[in-house]
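# Architecture and fold: a report
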Amino acid sequence: MSDLEAFISAMPKAELHLHIEGTLEPEMMMALGHRNRITLPYATIEEVEAAYRFSCLQDFLDLYYQGMSVLQTEQDFFDLTWAYLERVHAQNVTHVEIFFDPQGHTERSVAFETVLDGITGALDRAEREFGITRKLIMCFLRHLSEESGFEALKSAVAHKDRIFGVGLDSSEKGHPPSKFERLFAEAVREGFVPVAHAGEEGPPDYVHEALDLLHIDRIDHGNRALEDDGLVKRLAASQMALTVCPLSNLRLCVVDDMSHHPLRAMLQAGLRATVNSDDPAYFGGYMTENYLAVAKGLDLSRDEIVTLGRNAYLGSFLDEPEKRRSLEEFDAFCAH
Ligand code: ADE
Ligand code: ZN
């Protein structure tokens, strides 16, 4: 292992873009399928892995929704979340901001509370045992209707103590942020912090809409913002964080090669870009693997890695004292 690889591995990390349903490893998918008597179209783990060749976001989403059908009970959601937290604890992740997709479960008649109790049970345990801090963000599925989104919001309002923010994910093209302007306005009135996937496959206009109509506090992905100079200036001036996902971008053909990834261009433009894993079980790596892949592909320097690592704590939704403490620990690590 090179010095830089060892540094990346040991560096304290914050993850700001992670779909908990995207941490469902093939082994667990098969095991939960058996446990819950759900038939999957795969006989072996190798067959599951062989299916993970995606040519675009929708290709992946089709398998992602099929995979989550094995998640039925509170214990399933606990096991899923705990497995993720154990993995990232071993990668020196100290803070996580996790998405979940309740509509993907309630439409299969799994209760909102079953999902929430399982996920938060594991998050509570990780906070106690590992000291991992966390925020939970409920995503609306943008391919579904506004009405369905309002149903999900109604469920979330009853659990404001455990849900910090709302996000927008799933099929981006053809489902612009404007479709959810009223839903986000209501969510913000209820006190949820808004974020949205924008500019992953969709055009820069979708990033504008997410900023101007949904009033988001952070952009998930944002790659295509780089096509619009005015937007880049705006994002640099506001220092709004972008939660960039290198291995996801490669596997979903948002970039054709890691050496062409826009992350360095983002840093050079003064954007607060961060590194995240998105759906690590589907895209071939958790936090450390994402840092390593993009560091190698772009030949990033140690200073660039430190900037990315720092940006994650700066762009997190930790409160100010927690943020200060995390940054002090991060800076102390980097000073060695
Ligand atoms: N849901 C899970 N992963 C996603 C991604 N990368 N983009 C949009 N929706 C998602
Ligand atoms: Zn995502």
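Before any of the text, the structure's been laid out above.
In short, a report on the structure. (Residues numbered from 1 in each chain as written. Chains lettered and ligands numbered in written order. Predicted model: local features only at pLDDT ≥ 70, side-chain atom pairs only at ≥ 80, totals over all residues. Heavy atoms only, no water.)

### Remarks on the site of ligand 1
Neighbouring residues of ligand 1: H19, L57, F60, L61, Y64, D169, S170, H197, E200, H221, D278 and D279. In the model, a nitrogen atom of ligand 1 is placed 3.4 Å from a nitrogen or oxygen of the H19 side chain. Here D278 contributes a side-chain N or O atom positioned 2.6 Å from a nitrogen atom of ligand 1. Relative to its unbound accessible surface of 260 Å², ligand 1 loses 100% to contact with the protein. When atom positions are compared with the pocket grids, ligand 1 is found to occupy the largest cavity. It is helix α4 (residues 57–67) that contributes the most residues to the shell around ligand 1, 4 residues altogether. (Near = heavy atom within 4 Å. Polar contact = N/O pair within 3.5 Å; in protein donor to acceptor, adjacent residues only side chain to side chain. Areas by Shrake-Rupley, 256 points an atom, 1.4 Å probe, with all protein chains shown as cover. 1 Å grid on protein atoms, 1.4 Å probe; cavity = no way out; pocket = protein on both sides within 12 Å on 5 of 7 lines; lining within 4 Å. Sits in = over half its atoms within 2 Å of the grid points. Helix = DSSP H or I, 4+ residues; strand = E, 2+ residues; numbered from the N terminus.)

### Let's talk about the packing of helix α8 (residues 146–157) against helix α9 (residues 181–189)
It is at 9 Å that the axes of α8 and α9 come closest, and there the two elements cross at 15°. Viewed along their axes, α8 and α9 adopt a mutual orientation that is roughly parallel. Our pair here, α8 against α9, has a crossing hand that is right-handed. Contact with α8, carried on its side by E146, G149, F150 and L153, involves R182, L183, E186 and A187 of α9 and no other residues of that element. A breakdown of the residues in the contact of α8 with α9 according to their chemical character gives 4 nonpolar, 1 polar and 3 charged. (Axes fitted to C-alpha atoms, helices over the stretch in contact; angles between N-to-C directions. Parallel < 35°, antiparallel > 145°, perpendicular 65-115°, else oblique. Left-handed = near helix turned anticlockwise from the far one by under 90°. Contact = heavy atoms within 4.5 Å. Nonpolar A, V, L, I, M, F, W, Y, C, P; charged D, E, K, R; others polar.)

### Here we look at the sheet that holds strand β3 (residues 133–141)
Taken in spatial order, the 5 strands of this open sheet run β1-β2-β3-β4-β5, and their pairing is parallel. Looking at strand neighbours, the two that pair on one side only are β1 (13–19) and β5 (193–194), the edges of this open sheet. Each of β2 (93–100) and β3 is contacted by helix α7 (residues 112–130), which is oriented at about 160° to β3, the strand it contacts most. (Pairing = 2+ DSSP bridges.)

### Re α7
The end-to-end C-alpha distance of α7, which contains 19 residues, comes to 27 Å, matching closely the 27 Å that a straight helix rising 1.5 Å per residue would cover. Those residues of α7 that sit buried are F112, V115, L116, G118, I119, T120, A122, L123 and A126. Tucked into the core, α7 has its buried residues touching α5 (74–89), β2, α6 (103–106), β3 and α8. Just past α7, the residue G131 takes up positive phi, approximately 70°. (Expected span 1.5 Å × (residues − 1). Buried < 20%, exposed > 50% of the residue type's maximum accessible area, 1.4 Å probe, protein only.)

### A closer look at the pattern of salt bridges
Opposite charge on two side chains makes pairing possible when the charged atoms of those side chains draw close. Within the structure shown, the criterion is met by 16 salt bridges. E97 serves as the salt-bridge partner of R218, at 2.8 Å between the closest nitrogen and oxygen. You can see R218 sitting in the loop between α10 (204–212) and β7 (219–221) and its partner E97 sitting in strand β2, a full 121 residues away along the chain. A single burial state applies to R218 and to E97, both of which are buried. Here R182 makes a salt bridge to E146, at a shortest N to O gap of 2.8 Å. Of the two residues, R182 is situated in helix α9 and E146 in helix α8; the sequence distance between them amounts to 36 residues. Classification of R182 as exposed rests on a relative accessible area of 59%. A cluster of three or more residues bridged by salt bridges with shared partners is formed by R35, D76 and D79. (Salt bridge = Lys/Arg side-chain N within 4 Å of Asp/Glu carboxyl O.)

### Some points on the coordination of the zinc ion (ligand 2)
As a benchmark, a tetrahedral metal site with four donors has ideal angles of 109.5 degrees, while an octahedral site with six donors has ideal angles of 90 or 180 degrees. Distances from the zinc ion (ligand 2) to its protein donors, H17 (NE2), H19 (NE2), H197 (NE2) and D278 (OD), fall within 2.0 to 2.3 Å. Classification of the site at the zinc ion (ligand 2) rests on its 4 donor atoms, whose angles at the metal span 84 to 175°, yielding the label irregular. Residue class for H197 comes out buried when judged on its relative accessible area of 5%. (Donors = N, O, S within 2.8 Å, 3.2 Å for Na, K, Ca; no water. Tetrahedral: all angles 85-135°; square planar, octahedral: opposite > 155°, others 65-115°.)

### A closer look at empty space enclosed by the protein
The final tally for this structure, using the stated rule, is 1 cavity of 30 Å³ or more. The computed volume of the largest cavity comes to approximately 110 Å³. Forming the walls of the largest cavity are 16 residues, and the residues nearest its centre are H19, L57, F60, L61 and H197. Each residue belonging to the lining of the largest cavity can be placed in one class, and the counts come to 7 nonpolar, 4 polar and 5 charged. (Points joined across faces, edges and corners; volume = space filled by probe spheres on them.)

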